[in-house]
Amino acid sequence: MLLNSKGKHRRPSKATRIATLAGVAGAAVAVPLMGATNASAASVETWDAVAQCESGGNWSINTGNGYYGGLQFSQSSWAAAGGTQYASRADLASKDQQIATAEKLLDLQGPGAWACAGAGGLTNDGVDPGVNPGGSGQSESKPEQAQPERQAEQPTTRSEQREAPKAESKKTVTTPTGEKVQKGDGEYKVKAGDTLSKIADKEGVKGGWSKVFKLNDDIVKDADLIFPGQQLHLK
């Protein structure tokens, strides 16, 4: 599964992920690169091993827990890494299309985006998987195997508004898909590889990633997605 705290594109429980595609408690930070490069690539065998751990190797799995396909993409991570050019959700895309999208996410967030990176031996080893994702289209549906839903710590709903909302910055940051998001005016500038949990740990923020998310919910709409160049408030 994609991470949040220690990863990025997965749910906050296993590793709270945001983008560089930053993940919730690990908000995945999205680096403005549109495709995986040889600097961040893994072999098909490696992705198979990660998928075996994430989903039992079922590339069409959808258990209704908010994570899809063999590599268990969250919908926000699938879209941010360009997966929607193939299918609306990861479980509807072919294995090659899921791997091609995972290569982009690996380039954006690094191995920490997957809870099972260690089990699969996933690293930025520069190996071109040589997949052929082709055009858009859905993969054939396969019988889905029941999979226990992992418990995940969910971001708490903001119970009170800040007394004086910060003035919305007119400056923007461009995401890997070309979308412009608010840059913000906080004291911490997001760098490639950052996640909300990493930032909270590094800067000693009391309340962890959820506190950082709450302080910046005017520019960070998804705790799993933060982008290099955004400026976050830490207090």
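As the structure is a prediction and not an experimental result, all values here were calculated from the model. (Residues numbered from 1 in each chain as written. Predicted model: local features only at pLDDT ≥ 70, side-chain atom pairs only at ≥ 80, totals over all residues. Heavy atoms only, no water.)

Draft legend 1. Representation of the state of the cysteines within the structure. Scanning the model with the defined rule gives one disulfide in all. In this model Cys53 forms its disulfide with Cys116; the gap between the sulfur atoms is 2.1 Å. Negative torsions about the S-S bond denote left-handed disulfides, and the value of about -60 degrees found for Cys53 with Cys116 makes this one left-handed. Here Cys116 lies in the loop between α4 (95–109) and α5 (117–120) and Cys53 lies in helix α2 (residues 44–55), a separation of 63 residues in the sequence. For Cys53, a relative accessible area of 33% corresponds to the partly exposed category. Looking at Cys116, the relative accessible area reads 5%, which means it is buried. (Disulfide = S-S within 2.5 Å. Helix = DSSP H or I, 4+ residues; strand = E, 2+ residues; numbered from the N terminus. Buried < 20%, exposed > 50% of the residue type's maximum accessible area, 1.4 Å probe, protein only.)

Draft legend 2. Inspection of the packing of aromatic side chains at higher detail. What the rule picks out here adds up to two aromatic pairs. When the centroid spacing of 5.1 Å and the interplanar angle of 65 degrees are considered together, the rings of Trp47 and Trp114 count as edge-to-face. Of this pair, Trp47 sits in helix α2 while Trp114 sits in the loop between α4 and α5; the two residues are 67 residues apart in sequence, bridging distant segments of the chain. Taken individually, Trp47 and Trp114 each receive the classification buried, so the pair is uniform in this respect. On the numbers, 5.0 Å between centres and 70 degrees between planes, the contact of Phe73 with Trp78 is edge-to-face. Each member of the pair, Phe73 together with Trp78, is buried. (Phe/Tyr/Trp six-rings, centres within 6.5 Å; stacked < 30°, edge-to-face > 60°.)

Draft legend 3. View of α2. Here α2 is 12 residues long and its end C-alpha atoms lie 16 Å apart, about the 16 Å a rise of 1.5 Å per residue gives. Listing the buried residues of α2 in full gives Thr46, Trp47, Val50, Ala51, Glu54 and Ser55. Along the axis of α2, the buried residues cluster in a sector spanning 135 degrees; they form a single face. At its buried positions, α2 is contacted by α4 and α5. At the C-terminal side of α2, Gly56 shows a positive phi close to 75 degrees. (Expected span 1.5 Å × (residues − 1). Arc of directions from axis to C-beta. Contact = heavy atoms within 4.5 Å.)

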